[in-house]
Amino acid sequence: MIPPAVTESALRNHLGMHSSDASDVMPFAISATSAAEGACRCGPIVRRSLTERVDSTGSGALMLSHTPVASVTSIVGTGGSTVTAYDLSPGAGIVYGVGSGAYDVTYVAGRFDAVADVTDDISTAVLIIAKHLWETRRGQAGRPGALGDSEPVPSYGFAVPRRAQELLAQYAQLAVC
């Protein structure tokens, strides 16, 4: 599960809601965080544990899908052997010295330890995306000019308003396909 990059109270405040309002806003926070991480290619925002199967294709190195990597919890070959000696390039998400073959790698990735540590520019971008998702769900986007400068950006679709994209641009990572 993707941990939200903003608190419920921050989102409620951004949406102009009172704490007594029964609306469940956290799915919007999670969706906005996912959009920021994926569509804007900034990687995991709040650290979380991930597991993936990675093939070294004979190079002796594993390229993990999510960066930055805070730590590697375990590396287990498909045959059951555990790798304990390796080198890690955290920013690149590359584990060196594992030998050839496929491995199940469990690791922790993300920029910040907790939501309280998230920088203002990232949390603001997530709030902008969450508000956009909230408003379009509630039908307010149907009025001309209702979204202000939240016009669609062709490469990102309409889930990520331009203001949020600009705030996240400095964190974008190169995609490795």
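Here, the structure is the one placed above.
Our subject in this report is the structure included herewith. It should be emphasised that the depicted structure is a prediction, and the values quoted were computed from it without experimental measurement. (Residues numbered from 1 in each chain as written. Predicted model: local features only at pLDDT ≥ 70, side-chain atom pairs only at ≥ 80, totals over all residues. Heavy atoms only, no water.)

Quick look at the packing of helix H1 (residues 8-15) against helix H3 (residues 120-137) now. Following both chains from N to C, one finds H1 and H3 inclined at 60 degrees, their axes separated by 10 Å at the closest point. Classified by the angle between their axes, H1 and H3 sit oblique to one another. In the packing of H1 onto H3, the handedness of the crossing is right-handed. Taken together, the residues of H3 that come into contact with H1 (itself represented by Ala10, Leu11, His14 and Leu15) are Leu127, Ile128, Ala130, Lys131 and Trp134. Looking at the contact of H1 with H3 residue by residue, the classes come out as 7 nonpolar, 1 polar and 1 charged. (Axes fitted to C-alpha atoms, helices over the stretch in contact; angles between N-to-C directions. Helix = DSSP H or I, 4+ residues; strand = E, 2+ residues; numbered from the N terminus. Parallel < 35°, antiparallel > 145°, perpendicular 65-115°, else oblique. Left-handed = near helix turned anticlockwise from the far one by under 90°. Contact = heavy atoms within 4.5 Å. Nonpolar A, V, L, I, M, F, W, Y, C, P; charged D, E, K, R; others polar.)

Here Ser123 shows up in helix H3. On the accessibility criterion, Ser123 (16% relative accessible area) is buried. With 45 residues separating them in the primary sequence, Ser123 and Leu168 have C-alpha atoms 9.7 Å apart. What Ser123 contacts, discounting residues up to four positions off in sequence, is Ala5, Val6 and Val118. (Buried < 20%, exposed > 50% of the residue type's maximum accessible area, 1.4 Å probe, protein only.)

Moving on: the sheet that holds strand E4 (residues 87-89). Strand-to-strand pairing in sheets goes through backbone hydrogen bonds, with the strands running parallel or antiparallel. Ordered by their spatial adjacency, 3 strands build an open sheet running E2-E5-E4, and the pairing between neighbours is antiparallel. The open sheet is flanked by strand E2 (61-63) and E4, the only strands paired with a single partner. Ignoring strand direction, the axes of neighbouring strands in this sheet form an average angle of 15 degrees. Across 3 bridges, E2 lies against strand E5 (residues 94-96) in antiparallel orientation. Across the sheet, Met63 pairs through a bridge with Ile94, a residue of E5. (Pairing = 2+ DSSP bridges.)

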